[in-house]
Amino acid sequence: MRLMTRDSGLTQARGKAMRAVGCCIAAVSILVVSGGRAIEAQLPQTDQESVQAAVTRGAEAHTVHCGFCHGTNARGGASGPDLLRSELVLDDVDGQQLGEFLRVGRPDAGMPAFDLPDGQITDIAAFLHAEVDAAANRRGYEILDIVTGDPEAGREYFNGAGECSRCHSPTGDLRGIGLRYDPVALQGRLIMPPRGARGGGPGAVDPAERDRNRLRVTVTLPSGESHTGVMLRLTDFDVSLRDEAGRTRSWLRSGNSPTVVLTDPLQPHLDMLPTWQDTDMRNMTAYLLTLK
Ligand code: HEC
Ligand code: HEC
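Along every chain, residues carry numbers that run from 1 in the direction the sequence is written. Numbering of ligands from 1 and lettering of chains from A proceed in the order in which they are written. Totals for whole chains, interfaces and linings use all residues, but because this is a predicted model, local features are given only for residues with pLDDT of at least 70 and pairs of side-chain atoms are given and counted only at 80 or more.

## Looking at the overall build of the protein chain
1) Next: Numbering goes from the N terminus for both helices and strands, where a helix is a DSSP run of H or I of at least four residues and a strand is a run of E of at least two. In terms of helices and strands, the protein chain carries 15 helices and 5 strands.
2) Next: Of all 292 residues assigned to the protein chain, the portion counted as buried reaches 34%.
3) Next: Throughout, a residue-residue contact means that the two C-beta atoms, derived from backbone geometry, are no farther apart than 7 Å. The long-range share in the protein chain, meaning contacts at least 24 apart out of those at least 6 apart in sequence, stands at 60%. The exposure label follows from counting other C-beta atoms within 10 Å of a residue's C-beta, where the C-beta atoms are placed from the backbone and the thresholds are 20 or more for buried and 12 or fewer for exposed, leaving partly exposed in between.

See the structure below:
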């Protein structure tokens, strides 16, 4: 993985993630953000898929249980600290330390105790490790001076090999993106487009904006009747969604009934990450910065 050899300023986070590499979750979280073909090749496809699925489930479990206080992206929220800088999270391996901590919490300091199934804790840990690594990766690019890309090559990649124009347009959805973000923030959005409403204060939020890029769930009952909507909650015991009409619907779960299928609106975008090389990344960023 070229990025790692050049990223001499190995961050603490990445160092720790690497030490935990024996655990497949840490290994793939690196793959997810740095496009490492080497690691991709080491892991059988099914492992990769199951770890990606864990990250996706973990993101949603985190939103449901932790996002209110720590922010949906875990970078700090209404009352909880930034978890991506937490020693406890950085030292965690496979959810073990996190699990121990969550069972006790620090109720006196406003951190409740949680009684979550082990699987859900490992999912949340997988999500946090992926986020830590994404943040470390972004700092890596920052060190590399990401504005050294060639905008013209970036434009070609955008319309050609990168196939970005299948979903994006420089005069449509990405218009003015170069004015909205600095290079580091822009590259962060390329790596992990945010979910949910963008910024804004309290007050009425447009429902489409509130649900932007959030996971969808389809629940199929034994009768064959099925419902699709934005996933609000998914545990081993129940599932809730918000349907098109804005109604919240919930079902109890037992074993595989009702059937639950998750879909991620960002999946097509995220699937492309491993194919981007450092140069593509730089050139694309340079190009996107020219979109005023
Ligand atoms: C009601 C708000 C609230 C919720 C919900 C919440 N937290 Fe916290 N969390 C806090 C606060 C406040 C602290 C800081 C406690 C302190 O100062 O010692 C904290 C601390 C932590 C820490 C320790 C950070 C460190 O290194 O000291 C971790 C890890 C953590 N929370 C994870 C989680 C996870 C995972 C969830 C969801 C399962 C969650 N929290 C849900 C408020 C919350
Ligand atoms: C198959 C569809 C698809 C392809 C191909 C795709 N993306 Fe995306 N991309 C998305 C979706 C969906 C989002 C989330 C849109 C949103 O948040 O409104 C997104 C988000 C983004 C964002 C963040 C926009 C923002 O305002 O935060 C950027 C930048 C971006 N994509 C650039 C690219 C580039 C560059 C490529 C090509 C290398 C690419 N995308 C390929 C679907 C795609």
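Here the narrative resumes, following the displayed structure.
## Details of the nonpolar core
1) Next: We define the nonpolar core as any set of buried residues of the types Ala, Val, Leu, Ile, Met, Phe, Trp, Tyr and Cys, connected via C-beta atoms lying within 7 Å of each other. Ranked by size, the top nonpolar core spans 25 residues in total, and within it Val55, Val89, Ile124, Ala126, Phe127, Leu128 and Val132 carry the most contacts.
2) Next: When contributions to this core are tallied by element, the ones reaching two or more residues are α5 (45-65), α7 (87-91), α8 (96-104) and α9 (118-143).
3) Next: Looking at which element gives the most residues to this core, the answer is α9, with 11 residues.
4) Next: Not counting residues up to four positions away in its chain, the partners in contact with isoleucine 124 are Gly58, Ala61, His62 and Leu98.
5) Next: In terms of nonpolar packing, the next biggest core, distinct from the first, is built from 10 residues, Phe158, Leu186, Tyr287 and Leu288 among them.

## Comments concerning the sheet that holds strand β5 (residues 259-263)
1) Next: In space, the 5 strands of this open sheet follow the order β4-β3-β2-β1-β5, with antiparallel pairing throughout. In this open sheet, the two edge strands, each paired with only one partner strand, are β4 (248-252) and β5. Direction aside, the axes of adjacent strands within the sheet are offset by 40 degrees on average.
2) Next: In this description, strands pair whenever DSSP reports at least two bridges between them. Pairing analysis gives 5 bridges linking strand β1 (residues 216-220) to β5, with the strands arranged antiparallel. Of the residues in β5, the one forming a bridge with threonine 218 is valine 261. Only the stretch in contact is used when a helix axis is fitted, and all axes are lines through C-alpha atoms; the angle between N-to-C directions ranges over 0 to 180 degrees.

## Some remarks on the site of ligand 2
1) Next: Around ligand 2, the surrounding shell holds 20 residues, and the nearest of these are Gly162, Cys164, Cys167, Pro268 and His269.
2) Next: Those elements that place two or more of their residues in the shell around ligand 2 are α12 (183-191), α14 (267-272) and α15 (278-289).
3) Next: If one sorts the elements of the shell around ligand 2 by residue count, α14 sits on top with 3 residues.
4) Next: In this classification, the charged set is Asp, Glu, Lys and Arg, the nonpolar set is Ala, Val, Leu, Ile, Met, Phe, Trp, Tyr, Cys and Pro, and all remaining amino acids, among them Gly, are polar. By residue class, the composition of the shell around ligand 2 is 12 nonpolar, 4 polar and 4 charged. Nearness rests on one distance test: the residue's C-beta atom, set from the backbone, must lie within 6 Å of the molecule or strand.

## So, the environment of proline 268
1) Next: For proline 268, the position within the fold is in helix α14.
2) Next: For the pair proline 268 and cysteine 167, spaced 101 residues apart in the sequence, the C-alpha separation amounts to 9.5 Å.

## Considerations on the site of ligand 1
1) Next: Residues in contact with ligand 1 amount to 22 residues; listed here are only the nearest, Cys66, Cys69, Ser86, Gly110 and Met111.
2) Next: Partitioning the shell around ligand 1 into residue classes produces 14 nonpolar, 6 polar and 2 charged.

## So, the environment of leucine 289
1) Next: Among the structural elements, leucine 289 can be located in helix α15.
2) Next: Among the residues examined, leucine 289 registers 21 C-beta atoms within 10 Å and is labelled buried.
3) Next: Sequence-distant contacts of leucine 289, that is, excluding residues within four places in its chain, are made with Gly178, Pro183 and Leu186.

## Some points on the packing of α12 against α15
1) Next: Put simply, α12 and α15 touch, their axes get as near as 10 Å, and they point 115 degrees apart. The hand of the α12/α15 crossing is right-handed. Contacts between α12 and α15 involve Pro183, Leu186, Gln187 and Leu190 on the former and, on the latter, Met281, Met284, Thr285, Leu288 and Leu289.
2) Next: Across the contact of α12 with α15, the residue classes tally to 7 nonpolar, 2 polar and no charged. Note on convention: the crossing is left-handed when the near helix lies turned anticlockwise from the far helix by less than a right angle, right-handed when the turn is clockwise.

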